[in-house]
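# Architecture and fold: a report
The residues making up each chain are set out below.
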Amino acid sequence: MTHEHYVSHLESAIDGTRFEPGQVYTLHKDRPLWVKYDLERVAGALSKDTLADRDPTMWRYRELSPLGTETCEVTLGEGMTPLLDCPELGRKIGLEQLWIKDESQLPTGSFKSRGMAMAVTMAKKFGIECLALPTAGNAGGAAAAYAARAGLKCVVFMPKDTPIVNQLEAKWYGAEVYLIDGLINDCGRLVKEGQSKFDWFDLSTLKEPYRIEGKKTMGLELAEQLDWRLPDSIFYPTGGGTGLIGMWKAFQELNGMGWLDSDVFPKMISVQSTGCCPIARAYEQEERFAKPFENAQTLASGLRVPVAVGDFMILDAVRESGGAAVAYDENGLRYWQREAMVSEGIALCPEAAACVGAAQKMVETGQLDPNERVVIFNTGAVQKYVEAMEIGLPDFESWEQVEADLNG
Ligand SMILES: *Cc1c(COP(=O)(O)O)cnc(C)c1O
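These lines cover the structure that appears in this document, whether it is placed above or below.

## Here's the deal with the side chain of Asp102
Along the chain, the position of Asp102 falls in strand S5 (residues 97–102). Buried within the structure, Asp102 lacks any salt-bridge partner; its nearest side chain of opposite charge belongs to Lys101, at an N-O separation of 9.3 Å. Among the polar contacts listed, one links the side chain of Asp102 to the side chain of Asn378, at a separation of 2.9 Å.

Put into structure tokens, the structure is as follows:
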């Protein structure tokens, strides 16, 4: 059986240089590549009705993926994730229509599985045998899991103060894991250095073009779940930025296919913590490229990315959308995490808590209209952050104590 592919070419995000599809690529001039599709052909091959009958996984949008109709995916059954309405949390932050898209329910407990499922699938297809990557947390576990699923080797470098669950899961999935006295960019340097010795493939964020194609399915799914009427604002916790860039790409592609109800796109709100906010700082200073953030420290480990190769892609998307890049107070993360968990029962990660806090602040200061349809992405599961969750529990002493607690 022959397979249909819909990729027209790859294209440098920095200077527009075009590349033929069907090959392994990394960066061009140290900057990422876009995967471009022939959207007319996709629209001819795929209808909304066909889509409705497919399995509820990220692979349902396969015509808008580098696989086309080829079925060789390395999968653990990822997606679709629920879009949960949050009336109680909405009340607390002053929003009438708030949803959380709960990516914590994906394999390995974070949305990193979307990107890794796609990137590892492509790596395997191209005959690559060994993968290596730097990680600030969840990417390492996800890469290790998909590498195991695909029968590939995986080498992970992570800061030695990465959450312990991230360290352990990567190792338990069979990766070689090394702890570094430094940050994710230091780990990235080691991955590059090791490449000449071990000929491994660099799976770093945006250093190969396919993780973004996996992560963009968040945007495709969101559009489908909202019946092709996009929300007014999307709050996205930004580290390397693949998710935000990918969703913005997804919306343009759907628009190019004529699938969206309106050509008003959501405002993309990129959220970081004051503990590490190079993108928010560049946005404020009206720069297109971000300066490295010194002494990055945040319990939202997914946001601890002091240097991002896709900085200009994040900032372009934010500006084109009429959104903003903001930093939320590091000291407020635990508070909003717990508010969201208590109000809605969602396993909210500290990264998403930054988004909840930022939304609250923007409502309070009049930058966000209380009637807007707002979606916050919960990119990971709270269970990954056991150190940060540390909370005192009382010993049972008496029923009087229980009664007082229930009435308190
Ligand atoms: C990686 C990560 C992020 C940042 O995602 P990017 O798409 O790289 O910006 C946010 N939250 C969590 C939980 C993460 O693991």
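## A word on the pairing of strand S6 (residues 130–134)
Burial of S6 is extensive: 5 of the 5 residues sit out of reach of the surface. Neither face of S6 is exposed, since Cys130, Ala132 and Pro134 on one face and Leu131 and Leu133 on the opposite face are all buried. For the crossover that starts at S6, traverses helix H5 (residues 138–150) and ends in the parallel strand S7 (residues 153–159), the hand is right-handed. Sheet topology places S6 next to strand S9 (residues 201–202); 2 bridges connect them, and they run parallel. Its bridge partner being in S9, Leu131 is matched across the sheet by Phe201.

## A look at the nonpolar core
Core analysis: the biggest nonpolar cluster contains 84 residues, and Leu131, Leu203 and Phe251 have the highest contact counts within it. Discounting chain neighbours no more than four positions away, the residues touching Leu131 are Val120, Ala123, Ala147, Leu152, Lys153, Cys154, Val155, Trp200, Phe201 and Leu203. The next biggest cluster of nonpolar side chains, apart from the first, holds 34 residues, and it includes Cys86, Ile93, Ala358 and Ala359.

Calculation notes
Residues numbered from 1 in each chain as written. Predicted model: local features only at pLDDT ≥ 70, side-chain atom pairs only at ≥ 80, totals over all residues. Heavy atoms only, no water. Helix = DSSP H or I, 4+ residues; strand = E, 2+ residues; numbered from the N terminus. Buried < 20%, exposed > 50% of the residue type's maximum accessible area, 1.4 Å probe, protein only. Lys, Arg positive; Asp, Glu negative; His and termini not counted. Salt bridge = Lys/Arg side-chain N within 4 Å of Asp/Glu carboxyl O. Polar contact = N/O pair within 3.5 Å; in protein donor to acceptor, adjacent residues only side chain to side chain. Right-handed = clockwise from strand over helix to strand, strands pointing away. Pairing = 2+ DSSP bridges. Core = buried A, V, L, I, M, F, W, Y, C linked by side-chain atoms within 4.5 Å. Contact = heavy atoms within 4.5 Å.

Honestly, it's all geometry; don't read function into it.
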